[in-house]
Amino acid sequence: MYFTNHTLVFHGGQFIPAEQAQCSLYASSLHYGHAVFEGIRAYDTANGTRVFKIKEHYERLAYSCRATSIPLAYSVQELTDITYQLLKKNNLSNAYIRPLVYAPDPMMSIKAPTSSSLFMAAWEWGNYFSNQLTRLTISPYQRPNPKSVPIEAKVSGHYANSIIASHEAKSRGYDEALLLDINGYVAEGPGSNFFYEWDGALYTAPAGNILQGITRNTIIELARNMGIPVFEEFFTPETLHHATGAFLTGTAAEVVGVASIDDHVFETPYEATIGARLAAAYAALVREEVGARATRPAVEHSA
Ligand code: PMP
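Before going into details, it helps to say that this report is about the structure given with it. Keep in mind it's a predicted model, so treat the numbers as computed, not measured.

Looking at the overall build of the chain
Each helix and strand in the chain was counted, giving 6 helices and 16 strands. Taking 19 Å as the expected radius of gyration for a compact globule of 303 residues, we find that the chain reaches 19 Å, a close match to that expectation. Dimensions of the chain, computed from C-alpha atoms along their principal axes, come out at roughly 50 × 45 × 35 Å. Burial status across the chain gives 52% buried among its 303 residues. When contacts within the chain are restricted to residue pairs at least 6 apart in sequence, those whose partners lie at least 24 apart make up 72%. Accessible area for the chain stands at about 14000 Å²; split by element, carbon and sulfur atoms hold 53% of it. In the chain, the 22 positive side-chain charges and the 29 negative ones have mean positions that sit 5 Å from each other.

What about helix α2 (residues 54–68)?
For α2, built from 15 residues, the straight-helix expectation of 21 Å at 1.5 Å per residue is met to within 8% by its first-to-last C-alpha distance of 21 Å. Within the sequence span of α2, burial applies to I54, H57, Y58, R60, L61, A62, S64, C65 and T68. Once α2 finishes, S69 follows within two positions and takes phi at roughly 55 degrees, a positive value.

Some points on the site of the ligand
Residues in contact with the ligand amount to 18 residues; listed here are only the nearest, K154, Y159, E188, T215 and T251. A distance of 2.7 Å separates a nitrogen atom of the ligand from a polar atom in the side chain of K154. The contact in question runs from an oxygen atom of the ligand to an N or O atom on the side chain of T215, over 2.6 Å. Protein burial of the ligand: of its 390 Å² of free accessible surface, 100% is covered by the chains. Those elements that provide at least two residues to the shell around the ligand are α5 (214–225) and β14 (245–250). Split into classes, the residues belonging to the shell around the ligand amount to 5 nonpolar, 9 polar and 4 charged.

The rules behind the values
Residues numbered from 1 in each chain as written. Predicted model: local features only at pLDDT ≥ 70, side-chain atom pairs only at ≥ 80, totals over all residues. Heavy atoms only, no water. Helix = DSSP H or I, 4+ residues; strand = E, 2+ residues; numbered from the N terminus. Rg over C-alpha atoms; globule rule 2.2 N^0.38 Å. Buried < 20%, exposed > 50% of the residue type's maximum accessible area, 1.4 Å probe, protein only. Contact = heavy atoms within 4.5 Å. Areas by Shrake-Rupley, 256 points an atom, 1.4 Å probe, with all protein chains shown as cover. Lys, Arg positive; Asp, Glu negative; His and termini not counted. Charge placed at Lys NZ, Arg CZ, Asp CG, Glu CD. Expected span 1.5 Å × (residues − 1). Near = heavy atom within 4 Å. Polar contact = N/O pair within 3.5 Å; in protein donor to acceptor, adjacent residues only side chain to side chain. Nonpolar A, V, L, I, M, F, W, Y, C, P; charged D, E, K, R; others polar.

Below is the structure:
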């Protein structure tokens, strides 16, 4: 349930009831996918409600706006203030926050908008350890070519690729797709970054052809602090045949263990993998060591 009769959202420069937030069916963003967004999480911590890496998320939103020529009328600080007010007004602490910057201009011509609108909503997102392993398949769809679109920006239109790839993987009985880049190297999931493990080290795609996840960067930092070597390098799907484990990372799902990739089933029990250790370390970090208790299993992924 995303909203009730009492939910407030931020739209048009003010907090209004969710049911009253509307946009035109002629809005350019709706027709062309030319909008940018973020997926952010707040946690109930020892120090009260804290939004994890809020500055990084809003800096990425500002970057996404610049990369797509969408004007952004708010500073990182203003976005931060609106977010905390939104959480407070809705009495939320463990929550998912979705800011969207879209172009309300009519779609009659294909051009960069002269102004933008900010929509921000939040809803409860429980505390849980993800204990469901995911079965991946290499997608026949590639991630978008970075020479066609700014792939490091979180652009709404890019998610047509994500939805198509994810749906195709599910139609073949898998849980999720693993997409390659334009050169055939492993890139990322439709809404998450990918790591594999081998010989006590972690490997993940380098920046350039992926969305550089804030969770990905946090995991790399945590791993290095734990003395685990991390290599950001290109690798082919065939390389994964000798991997001993793998996991996905993202704000919504945190760290999700991978059971298999196509026919390759990981024999090492997930609990014995580096991914499981990092999942626990990540859960403790975001919750500032408090409230990191499993209350329900992960049931859905979000971008
Ligand atoms: N890749 C894609 C395509 C995504 O949509 C996401 C989710 N934002 C990620 C990676 C992970 O990014 P983050 O850790 O910042 O949520």
